[in-house]
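Observations on chain architecture
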Amino acid sequence: MFDWKRQRIEGYERWTGLNSMMQITIAPELGSKVISLKNVRTGREWLAQPDQGYGNGGYASSFAASDGSGWDEIFPTVNGCNYPTFPWQGVELPDHGEVWSLPWQTSAQDGKLRCEVHGIRFPYHLSKTYSFTEEERLRIDYRVRNLSPFPFSFLWAAHPLFRVKEGMEMIVPSELNKIVVSYSQNRRLGEMGDAHFWPNPCMDAGEIRLDRIESEAARTAEKFYFQGELPEGRAALYDPGTKERLTLLFPKEKVPYLSIWANYGGYRNQYHVALEPATGFLDDLSYAMEHGQAAIIKEHGTYHWFLEIEMSLADQA
């Protein structure tokens, strides 16, 4: 039986799980943020670490004022917006949602770690359960319960800020060939809603290769979604220098979209990349609902999905 270790370090409760391949540490009081994800065999830390310690400004604070590290849960929106329909019409959704800035309840049993939280402005209960299914694979099972007698729409996105270096590769299903811009600093890729080819976005953008990690000196920051629903729930980061790969696997029927946040020193002088499986399209819940691209939970219903993290040491397939 696998056990989780509970500690209190620097004022925060932390839960750590470990097997022969990977180690993960979660801080429940910080929105159940994953603060460390390591390959035990190589010693590699896959998540970006904070410059000045962990923390955020509390519920509904600006995400930009948080520590800019680790892996946060984004729900029920990415961009701040107002819920567009009855019975919550006009209710404001905070920046990057509610749950990343709330403390979660956490418990360990039978080798699994369960984290859960209730919504503040909306009647839902969100839970996730971590378990090691194989030596090289960690699984997170998610469940949202709608506690109201009305349908509830949401946008969930994983938000792992991965520690990267120039020349690493982002690998997505080969059928994907177009992206839609959500944000582009200095409009390098244009405005929100502009479409481009993947991995070479446009002829007038020079030698940009969106599937290759650029230098920190590039001073760019961009967020884009792959156009349309995914043919396969899979995305990976690969380091050709060390042959290390981290792969995210998820059910495309429940998590049909994928976005990438690529920050090469352009935003807050930080350097990281996020592969973000998502249940909705283009960050803004109100936009996703308007275009029929948000997940919906029926009255008193539930919505289930999972995310698996696989670490490997192999040549690129």
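Here's what I pulled together on the structure shown here.

Regarding its fold elements, the protein chain presents 1 helix and 23 strands. Taking 20 Å as the expected radius of gyration for a compact globule of 317 residues, we find that the protein chain reaches 19 Å, a close match to that expectation. Along the first, second and third principal axes, the C-alpha atoms of the protein chain reach 50 × 45 × 35 Å. Among the 317 residues that make up the protein chain, the fraction classed as buried is 57%. Contacts spanning at least 24 positions in sequence make up 64% of the contacts within the protein chain whose residues lie at least 6 apart. If you sum the accessible surface of the protein chain, you get close to 13300 Å²; carbon and sulfur atoms cover 46% of it. Across the protein chain, the mean location of the 32 positive side-chain charges is 3 Å away from that of the 42 negative side-chain charges.

Across a regular strand the side chains alternate sides, sitting on one face of the sheet and then on the other. Extensive coverage of strand E10 (residues 124–134) is indicated by the burial of 9 of its 11 residues. Here strand E9 (residues 112–118) runs beside E10; their pairing, made up of 6 bridges, is antiparallel. Bridge pairing in E10 places arginine 114 opposite threonine 129. Counting the residues between successive antiparallel strands, the hairpin from E9 to E10 contains 5 residues. Connecting E10 to the next strand, strand E11 (residues 137–146), in antiparallel fashion are 2 residues.

Take the pattern of salt bridges next. Scanning the entire structure with this criterion turns up 23 salt bridges. In this structure, arginine 137 and glutamate 310 form a salt bridge, with 2.4 Å as the shortest nitrogen-oxygen distance. Here arginine 137 is found in strand E11, whereas its partner glutamate 310 is found in strand E23 (residues 302–313), with 173 residues between them in sequence. Judged on exposure class, the residue arginine 137 and its partner glutamate 310 are both buried. Glutamate 276 is the partner of lysine 223 in a salt bridge, and the nearest nitrogen-oxygen pair spans 3.4 Å. One end of the pair, lysine 223, is in strand E17 (residues 220–226); the other, glutamate 276, is in strand E21 (residues 271–278), and 53 residues separate them in sequence. On the basis of relative accessibility, which here comes to 6%, the residue lysine 223 falls in the buried class.

Looking now at unusual backbone geometry. Cis geometry is adopted by the peptide bond preceding proline 76, which originates at phenylalanine 75 and carries an omega value of 5°. Of note, proline 76 is situated in the loop between strand E5 (71–74) and strand E6 (81–82). Along the chain, phenylalanine 86 connects to proline 87 via a cis peptide bond; the corresponding omega equals 5°. The topology assignment puts proline 87 in the loop between E6 and strand E7 (92–93). In the Ramachandran plot, arginine 187 falls in the positive-phi region, its phi being about 60° despite a non-glycine side chain. As for its position among the elements, arginine 187 is in the loop between strand E15 (178–184) and strand E16 (195–197). For arginine 187, a relative accessible area of 52% gives the class exposed. One non-glycine residue, aspartate 283, lies in the positive phi region at around 75°. One can find aspartate 283 in the loop between E21 and helix H1 (285–290). Since its relative accessible area comes to 3%, aspartate 283 is described here as buried.

Here the focus is the environment of serine 131. If you trace the backbone, serine 131 turns up in strand E10. Once residues within four sequence positions are removed from consideration, serine 131 is found in contact with Lys112, Arg137, Leu138 and Arg139.

For the coordinates displayed, the defined rule picks out 29 aromatic pairs. Ring geometry for tryptophan 198 against phenylalanine 224: centres 6.0 Å apart, planes inclined by 50°, an arrangement best described as tilted. One end of the pair, tryptophan 198, is in the loop between E16 and E17; the other, phenylalanine 224, is in strand E17, with 26 residues separating them in the sequence. Here tryptophan 198 matches phenylalanine 224 in class, with each residue buried.

Attention now moves to the environment of valine 164. Note that valine 164 resides in the loop between strand E13 (157–160) and strand E14 (169–171). With a relative accessible area of 10%, valine 164 lands in the buried category. Spatially, the C-alpha atoms of valine 164 and glycine 241 are 12 Å apart, while their sequence positions differ by 77 residues. Setting aside anything within four residues of it in sequence, one finds valine 164 in contact with Ile213, Leu237, Tyr271, His272 and Val273.

Before going further, it helps to examine the sheet that holds strand E19 (residues 244–249). Taken in spatial order, the 8 strands of this open sheet run E8-E9-E10-E11-E23-E19-E18-E14, and their pairing is antiparallel. Two strands close off the open sheet at either side, each with one partner strand: strand E8 (105–109) and E14. When strand polarity is set aside, the average angle formed by the axes of neighbouring strands in this sheet is 15°. The sheet contact formed by E11 and E23 spans 9 bridges and is antiparallel. By the bridge assignment, aspartate 141 is partnered in E23 with phenylalanine 306.

Further remarks concern the side chain of serine 259. Tracing the backbone shows serine 259 in strand E20 (residues 257–264). Apart from the residues within four sequence positions on either side, serine 259 is in contact with Lys223, Phe224, Tyr225, Ala274, Leu275 and Glu276.

Reading the values: rules and limits
Residues numbered from 1 in each chain as written. Predicted model: local features only at pLDDT ≥ 70, side-chain atom pairs only at ≥ 80, totals over all residues. Heavy atoms only, no water. Helix = DSSP H or I, 4+ residues; strand = E, 2+ residues; numbered from the N terminus. Rg over C-alpha atoms; globule rule 2.2 N^0.38 Å. Buried < 20%, exposed > 50% of the residue type's maximum accessible area, 1.4 Å probe, protein only. Contact = heavy atoms within 4.5 Å. Areas by Shrake-Rupley, 256 points an atom, 1.4 Å probe, with all protein chains shown as cover. Lys, Arg positive; Asp, Glu negative; His and termini not counted. Charge placed at Lys NZ, Arg CZ, Asp CG, Glu CD. Pairing = 2+ DSSP bridges. Salt bridge = Lys/Arg side-chain N within 4 Å of Asp/Glu carboxyl O. Phe/Tyr/Trp six-rings, centres within 6.5 Å; stacked < 30°, edge-to-face > 60°. Axes fitted to C-alpha atoms, helices over the stretch in contact; angles between N-to-C directions.

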